[in-house]
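Residues per chain are reported as follows:
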Amino acid sequence: MSLSVGIVGLPNVGKSTLFNALSSKQAEAANYPFCTIDPNVGVVPVPDKRFDALVELVQPNKQQPATVDFVDIAGLVKGASKGEGKGNAFLSNIRDCDAIAHVVRCFEDDNIVHVENRVDPVNDIEIINLELILRDLDLVLKRAEKARKLAKANSAYEHAAEAVCGRLQVALESGKRAIHVPIEGPDEQKIVREMMLLTTKPMFYVCNVKEHQLAAGNDDPMVAKVRALAASEDSECVSICAAIEAEIMQLPPADRKDFLDASGLEEPGLNAVIRTGYKLLDLITYFTSGKQEVRAWTIHRGTKGPGAAGVIHTDFERGFIRAEVMWWEDLVTMKTEAAVRAAGKLRSEGKEYVVRDGDVMHFLFNV
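Every value quoted in this text rests on a predicted model; they were computed, and no experiment measured them.

Now for the overall build of the chain. Summing up its helical and strand segments, the chain has 14 helices and 12 strands in all. Looking at the chain as a whole, 48% of its 367 residues are labelled buried. The contacts of the chain with a sequence gap of at least 6 include a subset with a gap of at least 24, amounting to 68%. When the accessible surface of the chain is split by element, carbon and sulfur atoms take 51% of a total near 17,700 Å².

Time to look at the sheet that holds strand β1 (residues 3-8). Judged by pairing direction, the sheet is mixed, and its six strands sit side by side in the order β2-β4-β1-β5-β6-β7 without closing on themselves. Single-partner strands in this sheet number two, and they are β2 (40-45) and β7 (236-240). Strand after strand, the sheet turns through a mean of 25° between neighbouring axes, direction not considered. Bridge analysis of β2 against strand β4 (residues 67-72) gives six bridges, and the strand direction is antiparallel. Across the sheet, the residue bridging to V44 is V68, located in β4. Lying on the sheet, helix α4 (residues 121-150) is in contact with β1, β5 (99-105) and β6 (203-208); it crosses β5 at an angle near 145°.

For the rest of this paragraph, the subject is the confidence of the model for the chain. The pLDDT averaged across the chain works out to 87; a share of 89% of its residues lies at or above 70. Between residues 25-37, whose pLDDT stays under 50, and residues either more than four places distant or in other chains, the model counts 34 contacts.

Attention now goes to the side chain of D136. In this fold, D136 is placed in helix α4. Of the buried charged residues, D136 lacks a salt bridge, with R135 as the closest side chain of opposite charge at 6.4 Å. Sequence-distant contacts of D136, defined by excluding residues within four places in its chain, comprise L172, L197, L198 and T199.

Now for the environment of G269. Here G269 shows up in helix α10 (residues 269-281). Overall, the relative accessible area of 10% leaves G269 in the buried class. Put simply, G269 and I240 are 29 residues apart on the chain and 5.6 Å apart in space, counted from C-alpha to C-alpha. Dropping the residues within four chain positions of it, G269 is found in contact with I240 and E245.

A word on the pattern of salt bridges. With the rule as written, the count across this model stands at 17 salt bridges. A salt bridge links D138 to K142; the nearest nitrogen and oxygen atoms lie 3.3 Å apart. Taken together, the residues span about one helical turn, with D138 and K142 both in helix α4 at a distance of four residues. Since its relative accessible area comes to 32%, D138 is described here as partly exposed. Several salt bridges converge on common partners, so that one network encompasses D48, R50 and D357.

Now for the pairing of β6. Counting buried positions along β6 gives six out of six residues, so the element sits mostly inside the fold. Burial of β6 is two-sided: the residues M203, Y205 and C207 facing one way and the residues F204, V206 and N208 facing the other way are all buried. Here β5 pairs with β6 via six bridges, running parallel. Looking at the pairing, V103 lines up with V206 of β6.

With that settled, consider helix α2 (residues 49-58). By the burial criterion, the buried members of α2 are R50, F51, A53, L54, V55 and V58. In the core, the buried residues of α2 are packed alongside β3 (62-64), β8 (283-289), β9 (293-300), α13 (328-334) and β12 (359-365). Capping the start of α2 is the job of one residue whose side-chain oxygen sits 2.9 Å from the backbone nitrogen of R50: D48.

Moving on to the packing of aromatic side chains. In the structure shown here, the tally under the stated rule is three aromatic pairs. Pairing Y286 with F363 gives two aromatic rings, centres 5.9 Å apart and planes at 85°, and the pair type is edge-to-face. Pair noted here: Y286 is in strand β8 and F363 is in strand β12, with a separation of 77 residues, a long-range link. Taking the relative accessible area as the measure of exposure, F363 reaches 8% and is therefore buried. Following the ring pairs from residue to residue traces out a cluster consisting of Y286, F320 and F363.

Right, let's talk about the environment of L139 for a bit. Take L139: it is sitting in helix α4. The exposure class of L139 is partly exposed, given its relative accessible area of 28%. The sequence separation of L139 and M196 amounts to 57 residues, and the corresponding C-alpha distance is 9.0 Å.

Turning our eyes to something else, we now look at the packing of α4 against helix α5 (residues 156-173). Packing of α4 against α5 brings their axes to within 8 Å, and their N-to-C directions diverge by 150°. On the basis of their axis angle, the class for α4 and α5 is roughly antiparallel. Pair α4 / α5 crosses with left-handed handedness. On α5, the residues touching I133, D136, L137, V140, L141, R143, A144, K146, A147, R148 and L150 of α4 are Y157, E158, A161, E162, C165, L168, Q169, L172 and E173. For the contact of α4 with α5, the per-class residue count stands at 12 nonpolar, one polar and seven charged.

Moving on, we get to the nonpolar core. Of all hydrophobic cores here, the largest spans 71 residues; its most connected members are L18, V68, F70, I94, L132, V226 and Y278. Residues A147, A160, V164 and L172 belong to the second largest nonpolar core, which totals 18 residues.

Definitions and cut-offs
- Residues numbered from 1 in each chain as written.
- Predicted model: local features only at pLDDT ≥ 70, side-chain atom pairs only at ≥ 80, totals over all residues.
- Heavy atoms only, no water.
- Helix = DSSP H or I, 4+ residues; strand = E, 2+ residues; numbered from the N terminus.
- Buried < 20%, exposed > 50% of the residue type's maximum accessible area, 1.4 Å probe, protein only.
- Contact = heavy atoms within 4.5 Å.
- Areas by Shrake-Rupley, 256 points an atom, 1.4 Å probe, with all protein chains shown as cover.
- Pairing = 2+ DSSP bridges.
- Axes fitted to C-alpha atoms, helices over the stretch in contact; angles between N-to-C directions.
- pLDDT = per-residue confidence, 0-100.
- Lys, Arg positive; Asp, Glu negative; His and termini not counted.
- Salt bridge = Lys/Arg side-chain N within 4 Å of Asp/Glu carboxyl O.
- Polar contact = N/O pair within 3.5 Å; in protein donor to acceptor, adjacent residues only side chain to side chain.
- Phe/Tyr/Trp six-rings, centres within 6.5 Å; stacked < 30°, edge-to-face > 60°.
- Parallel < 35°, antiparallel > 145°, perpendicular 65-115°, else oblique.
- Left-handed = near helix turned anticlockwise from the far one by under 90°.
- Nonpolar A, V, L, I, M, F, W, Y, C, P; charged D, E, K, R; others polar.
- Core = buried A, V, L, I, M, F, W, Y, C linked by side-chain atoms within 4.5 Å.

Pasting the structure below:
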């Protein structure tokens, strides 16, 4: 599985510049609204020092890191939920994403037009969130009306739909996102899933700043406002300079460290963005390692052995017998699987084993 993150925000906040920095596919970045008409999708490898260490050790014929799909969705404006701008199409594009990266402009620049003619990151966030909420509220009201009609036949499922839609309506009308509404039982979970509500998706904020603001970090006044808002929503906030990120990605890999050092950065902002997305969705990585291929696999935290095997192939899950498991650092330190086994650090685990973030696994199965 791969993580799909939709990049949203008002026009001219740096979404496409960020996308260009994150992806080898170049989206047009221009100083006017709606320059990105169709969503651009870029597949980006996940930076992972554990994976790099395994590749260096094994020298495989093929290597496949975990990946993240970034979707550059054109700028939303007030009224998007009613079709303003390209609202209907843009909001629909968000539905297929696992999480939302909400890019917020946290810098002043007279040369870059702001669609609201002022720079106020908290107000920008409220505009986008309101449009998502209004779109969801419209869907909830329609589903509630359907439930009321069908519930007359004493359908337990439709009674559940009526109940959950009622709670969702109250929350959305008060400006809260649907993700904060408690969902009770499998019927309600299915009903909410079928509505594909936009505000059920985990969201984090990406503060786009100028280079000189990076030194201030979280103490920058605009960034501090966004971080406080994110904390109040139990969400996350990442600060980057999209312009610098774009420059980094244009450099040969060998020159990037010197550029980062000169800019006072420990790593590209891409790494923080990906880690934040993983944290929100509670994802982890395990590895398969051999001369033929070293590969990173993405799974949800808490996945057991058969489920992890199923990410590779459904036959692996269906015929799962056991998994041979070792810790990535043990393999890197001891150099070979034989040495890990001799040290008693290679374990045989069954169907109830909960996979750890960083396990190296080999599956035995029979179908």
